[in-house]
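Close look at the chain arrangement
Each chain, written out:
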Amino acid sequence: YKNYDVYYKLDSTLPKTLESVIANSKLEEEYNMNSTHIVMVDSSMTAKDANKMIGEMNDVDGVKFTLGFNSLVGTAIPEEIIPDSVKEVLKSDNWQIMLVGSEYEVASDAVNEQITKLNDIVTKYDSEGMIIGEAPATKDLIEITNKDFSVVSVLSIAAIFIIIVFTFKSVTLPVILVSVIELAIMINLGISYFTGTELPFIASVVIGTIQLGATVDYAILMTTRYQHERNSGKDKKEAVGIALGTSVKSIITSALGFFAATVGVAVYSDIGMISSLCMLLARGALISMVVVITVLPSMFMLFDKIICKTSAGFKVGKNQTGHKQELNMTTT
């Protein structure tokens, strides 16, 4: 369910009436500029190497201009006669900076490829040189979050799995409950994919953790009652029916409360990322409610025999009427 479109350019979610957003739009419309990179290199770099490096950076696709100390002053004027008040604008004792104007948008594939090429040029002339700015920082953010979010998702699922194992002392119940919860999350994010809705890059980790935590409460509530009824000797159909009947009111109340708390923010907020995340959470609360009420009882019915054999406290025996029932063989 990670094939939906995501965006990393956070200012695109801000209201269009903000002065900063208006200014950026003007730069794009009138000067074909979308982002500016700052190149930091050794201040002792020779004018010849600096100008050569600037020339190579200007040849990179999408670069509108490159400005540095040497490109502004030129090689004909000795650096020693330039006043310190002028020189210190672009140079310090250790570093000098250059500005690179790009026509590509922040967080786009084009600008990320451009930054990679620029970085190769910079490190060729200065191994400790670096490119900073919004676009380079966003590129690093994309690379870091792609890895971190995957790790966080795995760890959160593993943590829930372990909690369910120790709660129910079962091998199969954790698999069933986690599968049902992940189904609800998949449906929620899948709706965004099929409707072509772009989501903020943090959507997967936010939904994957918050909806996971909320849904597991619903699932544990029903599972606890199902386990209790099976242990008391009732057959699977009656046990599932009682578990569903006694839990459904609490599940619906909790889910609707979660929905009401988030949908209002989603409708009211002018910030796109907040509105989008809250709408996902609100929708997820309803989806989780429906999935737990409909799918989880079906899973109990389908895998009842396996659950009883792989869960502590269950044993197949005969009741006083001679029919096979599940008896609780432990002291409660």
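Heads up: the structure comes first, above all this text.
The structure reproduced in this document is the subject of the present report. All figures in this text were calculated on a predicted structure; none of them were measured in a lab.

A separate point is unusual backbone geometry. Across the chain, the bulk of peptide bonds are trans and the bulk of non-glycine residues have phi less than zero. Even without a glycine there, the phi angle at Ala-107 is positive, about 75 degrees. Its location among the elements puts Ala-107 in the loop between strand 4 (95-102) and helix 5 (109-125). Even without glycine at this site, Lys-169 takes up a positive phi of about 50 degrees. Tracing the chain through its elements places Lys-169 in the loop between helix 6 (134-168) and helix 7 (172-194). Residue class for Lys-169 comes out exposed when judged on its relative accessible area of 56%.

Residue position: Thr-262 is located in helix 9 (residues 236-268). With a relative accessible area of 8%, Thr-262 lands in the buried category. Those residues within four positions of Thr-262 in sequence are excluded, and the remaining contacts are Cys-278, Leu-281 and Ala-282.

Time to look at the nonpolar core. The biggest cluster of nonpolar side chains holds 48 residues, and the ones touching the most others in it are Ile-164, Leu-177, Met-222, Tyr-226, Ile-251, Leu-296 and Phe-300. Going through the elements one at a time, helix 5, helix 6, helix 7, helix 8 (203-231), helix 9 and helix 10 (272-302) are the ones with two or more residues in this core. In this view, Leu-177 contacts Ile-164, Phe-168, Ala-219, Ile-220, Thr-223, Leu-296 and Phe-300; residues no more than four positions away in its chain are not counted. Among the nonpolar cores identified, the runner-up in size contains 15 residues, and Ala-50, Val-63, Met-98 and Ile-131 belong to it.

What follows concerns the pairing of strand 4. Successive side chains on a regular strand alternate, one facing one side of the sheet and the next facing the other. Pairing analysis gives eight bridges linking strand 2 (residues 35-42) to strand 4, with the strands arranged antiparallel. Along strand 4, the bridge assignment pairs Asp-42 with Trp-95. In this structure, strand 3 (residues 63-67) lies alongside strand 4, joined through four bridges in antiparallel fashion. Across the sheet, Thr-66 pairs through a bridge with Val-100, a residue of strand 4.

In this section: the pattern of salt bridges. This structure, assessed with the given rule, holds six salt bridges. For Lys-117, the salt bridge goes to Glu-113, with nearest N and O atoms at 3.6 Å. Within this pair, Lys-117 and its partner Glu-113 are both found in helix 5, separated by four residues, close to a single helical turn. Among the residues examined, Glu-113 registers a relative accessible area of 47% and is labelled partly exposed.

Parameters at a glance
- Residues numbered from 1 in each chain as written.
- Predicted model: local features only at pLDDT ≥ 70, side-chain atom pairs only at ≥ 80, totals over all residues.
- Heavy atoms only, no water.
- Helix = DSSP H or I, 4+ residues; strand = E, 2+ residues; numbered from the N terminus.
- Buried < 20%, exposed > 50% of the residue type's maximum accessible area, 1.4 Å probe, protein only.
- Contact = heavy atoms within 4.5 Å.
- Core = buried A, V, L, I, M, F, W, Y, C linked by side-chain atoms within 4.5 Å.
- Pairing = 2+ DSSP bridges.
- Salt bridge = Lys/Arg side-chain N within 4 Å of Asp/Glu carboxyl O.

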